[in-house]
Amino acid sequence: MVRHSFSMFFRMKKEAAPAVPPVIPEPVEPPDDGTPRKKIMVIDDDPVILKTLSFTLKSNGYKVVTATDGSQAIGLMRDEEPDMMVVDVCLPIDVAAGGAVSWDGFQVAQWIRGMNGAVPTIVISGKDTPEYKKRAAAIGAEAFFAKPINNELLLASIATALSNGQAAATVANT
């Protein structure tokens with residue numbers, strides 16, 4: 001009997017299976033029916049957020065370009081001319097821009113909107129603070145979402161912002 005309890009004490013530990021990173025499949029592009037698709041730039045330093053939002057947006061018929069910092073976003077805005085942007089508040093310090101330049105999402109959005117006019121903007125953040133909501137409203141953002149993001153509400157906000165932009169452009173061109 002002693003022998004049995006002694007052997008239970010020194011039981012061999014099972015080796016844990018190696019962790020496997022999650023794989024998010026690429027979205028299936030909707031068929032091209034000839035209608036121009038709106039292009040959305042997503043700016044976030046988290047690759048999982050970029051991949052998830054890209055998947056969601058592409059699956060719903062949008063073209064997507066992504067940026068991981070402020071200077072990349074500004075360059076893409078010039079080259080890609082997206083119809084809208086979704087920008088995270090917290091972005092990494094840009095050391096490639098001649099020193100440690102700290103851009104947050106609000107500054108990036110203001111800069112881009114200054115370059116390209118009223119680009120519809122949605123601000124996202126890992127923090128749901130009243131200060132962030134006020135700052136998002138102050139820069140003219142169409143919406144603010146705290147992470148994790150409700151995709152249905154995000155898609156509805158994007159559709160509304162893009163249709164408001166089209167209505168404004170139609171009025172301006174008449």
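Report on the accompanying structure. Keep in mind the model is a prediction, meaning the values are calculated, not measured. (Residues numbered from 1 in each chain as written. Predicted model: local features only at pLDDT ≥ 70, side-chain atom pairs only at ≥ 80, totals over all residues. Heavy atoms only, no water.)

1. Considerations on the overall build of the protein
How we decide: Helix and strand definitions follow DSSP, with helices as H or I runs of at least four residues and strands as E runs of at least two, each counted in order from the N terminus. Any residue under 20% of the maximum accessible area for its type is buried, any over 50% is exposed, and the rest in between are partly exposed; the area is computed with a 1.4 Å probe on protein chains only. Any two residues whose heavy atoms approach within 4.5 Å are treated as being in contact. The Shrake-Rupley method, run with a 1.4 Å probe sphere, supplies the accessible areas, and residue values consider only the shown protein chains as cover.
Scanning the protein for helices and strands turns up six helices and five strands. From first element to last, N terminus to C terminus, the protein shows the α and β order α-β-α-β-α-β-α-β-α-β-α. Relative to its full complement of 174 residues, the protein shows a buried share of 36%. Put simply, 62% of the contacts in the protein that link residues at least 6 apart link residues at least 24 apart. Put simply, the protein shows about 11000 Å² of open surface, and 59% of that area lies on carbon and sulfur atoms.

2. Quick notes on the pairing of strand E5 (residues 143-146)
For the record, the criterion: At least two bridges found by DSSP between two strands are what make those strands a pair. By definition, the crossover connecting two strands over a helix is right-handed if that path, from the first strand to the second, turns clockwise as seen with the strands pointing away from the viewer.
Where strand E4 (residues 121-125) and E5 come together, four bridges link them in parallel fashion. Its bridge partner lying in E5, Ile124 is registered against Phe145. Where the polypeptide runs from E4 across helix H5 (residues 130-138) and back to E5, its parallel neighbour, the crossover connection is right-handed.

3. Some remarks on the sheet that holds strand E3 (residues 84-88)
This is how it is decided: A fitted line through C-alpha atoms serves as each axis, taken over the contacting stretch for helices, and the angle formed by two N-to-C directions is quoted from 0 to 180°.
Read across the sheet, five strands follow the order E2-E1-E3-E4-E5 without closing on themselves; strand pairing throughout is parallel. Two strands lie at the open edges of the sheet, namely strand E2 (63-67) and E5, each paired on one side alone. Along the sheet, successive strands turn relative to each other by an average axial angle of 20 degrees, direction set aside. Contacting strand E1 (39-43) and E2, helix H3 (residues 70-80) crosses the sheet at an angle of about 150 degrees to E2.

4. Side note on the pattern of salt bridges
Worth spelling out the cut-off: Definition used for salt bridges: Asp or Glu carboxyl oxygen within 4 Å of a side-chain nitrogen of Lys or Arg.
By the definition in use, this model includes five salt bridges. We note a salt bridge from Asp44 to Lys147, for which the minimum N-O separation is 2.9 Å. With Asp44 in the loop between E1 and helix H2 (47-59) and Lys147 in the loop between E5 and helix H6 (151-173), this pair connects stretches of sequence that are 103 residues apart. Residue Lys147 is classed as partly exposed on the basis of its relative accessible area of 24%. Across the pair Arg135 and Asp104 runs a salt bridge, and its minimum N-O distance is 3.1 Å. Residue Arg135 is located in helix H5, and its partner Asp104 is located in the loop between E3 and helix H4 (105-116); the two are separated by 31 residues in the primary sequence. What makes Arg135 partly exposed here is its relative accessible area of 31%. Residue classification places Asp104 among the buried positions, given a relative accessible area of 18%.

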